[in-house]
Amino acid sequence: MTTLAVALLRALEDHGAREIFGIPGDFALPFFKVVEETGILDLHTLSHEPAVGFAADAAARFGGRLGVVAVTYGAGAFNVLNAVTGAYAEKSPVVVISGAPGREEGRRGLLLHHQAKTLDSQLRIFREVTCDQAVLDDPATAPAEIARVLRSCVEHSRPVYIEVPRDLVAAPCAEVARLPPSPVDAEAVAACADEILARLDRAERPVAIAGVELRRHRIEHAVSALARRLGVPVVTSFMGRGLLTDPGAPLLGTYMGVAGDPELTRRVEDSDALLLLGVILSDTNFGVSTRRIDMRHAIVAAEGEVRLGHHVYPNVPLADLVDVLRARVADRPDIDVPARGPAPAGLVGDDAAITPLDIALGVNDMFDRHGSMPIACDIGDCLFTAMDIRHTPMVAPGYYATMGFGVPAGLGIQASSGQRPLILVGDGAFQMTGWELGNCGRAGWDPIVVVFNNASWEMLRTFQPETGYNDLDEWNFAAIAEVLGGVGRRVRNRRELAAALDAAARTRGRFQLVEAMLERGSISPTLERFVTGIKRLNQAPAEV
Ligand code: TPW
Ligand code: MG
């Protein structure tokens, strides 16, 4: 026997979690106390709940394991809802732990502070954005509930919700026994693998598209080995940017339809056997296709099932499928597929104004000189600019597209992996969560943060150039960095940009903020193509 809170913490650890990102409140105080006293998981607090949600999501995405966020009931939980929704949409395994009124308090009939409509309003709201839920109001059933919910989180790679009544934290409770993986029909997986191989072997122009589920299920290396065996070139989806960065992967780049490299777009759209592995069929991944990709002719393996034309194989988890495919081709030799060369580097250090592409070139130079870094990126032109940065592991809200993700996500990467991240963020998004950098000192984090300061919600302006409301004030983010305990450098030309990036890479121990001043209207080549492409697609019906 142990206590309910300790059983939960040990079960989280047993399922792969390493740390908790959280903000306490009185309904969560007893649980936080146990977290700190036991040290089973590290605890990192930030300033505002959206940030702990984004940090837990990024830790989960980056590490391919459970991320955990702990909040108080009501005000805390509702503040983290948007981040959890993003994790749901983009399939990130985040465990949400919310404190709750005690079991006895709930029976008194008084309205309790932080309560919304009824005591279970919060549970009902989170049901919509999590794949499994448990309210641990009975210590006798809690171990089984925890085991079920955590298995769902791992297997579906989607958020789950656990509510802990504050008067039961210390209740006696049995340890949680981890459940075996859900059963898989091996014959169905084998039949599916055979059908896929037959299709690929018949094809003249096979191409695989790699999506975020590869990282979520830790099968990037397996997929890269399989692709080499089959001689199938791989592209990542837009959301999957940052996958398959190992040097042996036959990676051509990132498929972005009209917004991407035309040669790569042609190869994907002309393929006679398109193999989609763990790709979310979202508009940001495929809405930008020059020609609509006919998914009936594609092989789509995602969400635990496989679709080939009109066949559907239910219950074929991606990892099992890739294992069987690899076993089937184990005795074949590797087939060489030329991967695409590295993205251009070589920022010209002159007095010219900085463009977003210059930032990509400058970052590539910095990576060449000082080693590459994982990237945490926000939504805005920084994400389109990242398409010209060297392939390196990256987390970004490429589909749900919530602003405010980048800075806390970078903190989540450094907290969970110890690696120093590069954070790319626009001024608008920085206004939302940039403040969280003030927590770096206490934790010893030292990310490099590049703020794209165009005093504008520029991405919105590109769609509606006639507007005035997309103008922002010019905040002095470099000065803000100093008072938050970091080092800030405001740069106005390419020479200053190169020098600031170099200095940032050389300086460890404090966060380094490079504030790149951009003209309004100066956008990356990828965003330019994206906007022109979308406008064109909206005018003419897509060619089928
Ligand atoms: C939480 C809508 C998408 S892009 C954008 C907005 C307001 C402008 C971003 O400005 P920023 O970057 O960061 O300065 P840039 O390169 O465009 O200048 N609220 C949320 N998420 C989203 N996506 C929006 C609003 C939006
Ligand atoms: Mg901006």
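**Some points on the overall build of the protein**
- Looking only at helices and strands, the protein features 23 helices and 21 strands.
- Its C-alpha radius of gyration of 24 Å places the protein within 12% of the 24 Å reference for a compact globule of 544 residues.
- Based on the C-alpha atoms only, the size of the protein along its principal axes is roughly 65 × 60 × 45 Å.
- In the protein, buried positions account for 59% of the 544 residues.
- Considering only intrachain contacts with a sequence separation of at least 6, the fraction spanning at least 24 residues in the protein is 76%.
- One finds the centroid of the 53 positive side-chain charges in the protein at a distance of 1 Å from the centroid of its 68 negative side-chain charges.

**A word on the site of ligand 1**
- Near ligand 1 lie 16 residues; those nearest to it are Ala401, Asp427, Gly428, Ser456 and Met459.
- One nitrogen or oxygen atom from the side chain of asparagine 454 is found 3.0 Å from an oxygen atom belonging to ligand 1.
- One of the backbone nitrogen or oxygen atoms of serine 456 is found 2.8 Å away from an oxygen atom of ligand 1.
- Alone, ligand 1 offers 580 Å² of accessible surface; in the complex the protein occludes 79% of this.
- For the shell around ligand 1, the elements supplying multiple residues, two or more each, are helix H18 (427-433) and helix H20 (458-463).
- The element that contributes the greatest number of residues to the shell around ligand 1 is H18, accounting for 4 residues.
- The residue makeup of the shell around ligand 1, split by class, is 7 nonpolar, 6 polar and 3 charged.

**Considerations on the environment of glycine 380**
- Tracing the chain through its elements places glycine 380 in the loop between strand E16 (375-377) and helix H16 (381-385).
- Residue glycine 380 is classed as buried on the basis of its relative accessible area, which comes to 12%.

**Quick notes on the coordination of the magnesium ion (ligand 2)**
- Ligation of the magnesium ion (ligand 2) by protein atoms is provided by Asp427 (OD), Asn454 (OD1) and Ser456 (O), these donors lying 2.0 to 2.1 Å from the ion.
- Sequence spacing of the donor residues for the magnesium ion (ligand 2), all on one chain, is D-x26-N-x1-S. Of the two residues, aspartate 427 sits in helix H18 while serine 456 sits in the loop between strand E19 (448-453) and H20, which places them 29 residues apart along the sequence.
- For aspartate 427, a relative accessible area of 1% puts it in the buried group.

**Observations regarding the pattern of salt bridges**
- One pass over the structure, following the stated rule, counts 34 salt bridges.
- For lysine 33, the salt bridge is made with glutamate 37, and the minimal N-O distance between the two is 3.5 Å. In this pair, lysine 33 and glutamate 37 both sit in helix H2 (residues 29-38), 4 residues apart, roughly one turn of the helix.
- Residue classification places lysine 33 among the exposed residues on the basis of a relative accessible area of 53%.
- Judged by its relative accessible area of 57%, glutamate 37 falls in the exposed class.

**A closer look at the sheet that holds strand E17 (residues 394-395)**
- With respect to topology, 6 strands assemble into an open sheet ordered E17-E16-E18-E19-E21-E20, the strand pairing being parallel. Strands with a single pairing partner mark the edges of an open sheet, and in this sheet they are E17 and strand E20 (487-491).
- Of the strands in this sheet, E19, E20 and strand E21 (512-517) are in contact with helix H22 (residues 494-506), which crosses E20 at around 165°.

**Examining the packing of helix H3 (residues 49-63) against helix H17 (residues 406-417)**
- Across the interface, H3 lies against H17 with an axial gap of 7 Å and an inter-helix angle of 55°. Put simply, H3 runs oblique to H17. Seen from above, H3 lies across H17 with right-handed handedness. Residues Ala51, Phe54, Ala55, Ala58, Ala59 and Phe62 of H3 touch H17, and the partners they reach there are Pro408, Ala409, Gly412, Ile413, Ser416 and Ser417.
- When grouped by side-chain class, the residues that make up the contact of H3 with H17 number 9 nonpolar, 3 polar and no charged.

**Overview of the pairing of strand E12 (residues 273-277)**
- Judged by how many residues are buried, E12 sits mostly within the fold: 5 of 5 residues are covered.
- In E12, alternate side chains face the same way, and those of Ala273, Leu275 and Leu277 on one face and Leu274 and Leu276 on the other are all buried.
- In this sheet, E12 lies alongside strand E9 (residues 206-210) in parallel orientation, the contact comprising 5 bridges. When the bridges of E12 are listed, proline 206 appears paired with alanine 273.

**Structural notes on H3**
- For H3, spanning 15 residues, the distance from its first C-alpha to its last is 21 Å, which sits close to the expected 21 Å at 1.5 Å a residue.
- Taken from the residues just after H3, glycine 64 is the one with a positive phi, measuring 60°.

**Some thoughts on the domain arrangement of the protein**
- Taken as a whole, the protein is organised into domain 1 (2-173), domain 2 (186-328) and domain 3 (356-529).
- Each of domain 1 and domain 2 has a C-alpha centre, and these two points are 34 Å apart.
- Across the boundary between the two partners, domain 1 contributes 14 residues, which contact 9 residues of domain 2.
- In this assembly, domain 1 packs against domain 2 so that about 870 Å² is buried in total across both faces, 44% of it on carbon and sulfur atoms.

**Side note on the nonpolar core**
- Residues Phe430, Leu437 and Leu513 are the most contacted members of the largest nonpolar core, which totals 46 residues.
- Ranked by residues supplied to this core, first place goes to H3 with 8 residues.
- When residues are assigned to domains, this core turns out to be shared by domain 1 (2-173) and domain 3 (356-529), each giving three or more.
- Not counting the four nearest positions on each side in its chain, leucine 513 is found in contact with Phe430, Leu437, Val449, Val451, Phe477, Ala478, Ala481, Val487, Gly488 and Arg489.
- Membership of the second largest hydrophobic core comes to 44 residues, among which are Met256, Phe384, Ala396 and Val450.

**A closer look at unusual backbone geometry**
- One non-glycine residue, serine 157, lies in positive phi territory at about 50°.
- Summarising the element assignment, serine 157 is placed in the loop between helix H8 (142-156) and strand E7 (160-165).
- Given a relative accessible area of 1%, serine 157 falls into the buried group.
- Although it is not a glycine, alanine 401 sits at a positive phi angle of roughly 60°.
- Looking at the secondary structure, you find alanine 401 in the loop between E17 and H17.
- You can call alanine 401 partly exposed: its relative accessible area is 32%.

Procedures and definitions
Residues numbered from 1 in each chain as written. Chains lettered and ligands numbered in written order. Predicted model: local features only at pLDDT ≥ 70, side-chain atom pairs only at ≥ 80, totals over all residues. Heavy atoms only, no water. Helix = DSSP H or I, 4+ residues; strand = E, 2+ residues; numbered from the N terminus. Rg over C-alpha atoms; globule rule 2.2 N^0.38 Å. Buried < 20%, exposed > 50% of the residue type's maximum accessible area, 1.4 Å probe, protein only. Contact = heavy atoms within 4.5 Å. Lys, Arg positive; Asp, Glu negative; His and termini not counted. Charge placed at Lys NZ, Arg CZ, Asp CG, Glu CD. Near = heavy atom within 4 Å. Polar contact = N/O pair within 3.5 Å; in protein donor to acceptor, adjacent residues only side chain to side chain. Areas by Shrake-Rupley, 256 points an atom, 1.4 Å probe, with all protein chains shown as cover. Nonpolar A, V, L, I, M, F, W, Y, C, P; charged D, E, K, R; others polar. Donors = N, O, S within 2.8 Å, 3.2 Å for Na, K, Ca; no water. Salt bridge = Lys/Arg side-chain N within 4 Å of Asp/Glu carboxyl O. Pairing = 2+ DSSP bridges. Axes fitted to C-alpha atoms, helices over the stretch in contact; angles between N-to-C directions. Parallel < 35°, antiparallel > 145°, perpendicular 65-115°, else oblique. Left-handed = near helix turned anticlockwise from the far one by under 90°. Expected span 1.5 Å × (residues − 1). Domains from an automatic or database assignment. Buried area = accessible area lost by both parts, 1.4 Å probe. Core = buried A, V, L, I, M, F, W, Y, C linked by side-chain atoms within 4.5 Å.

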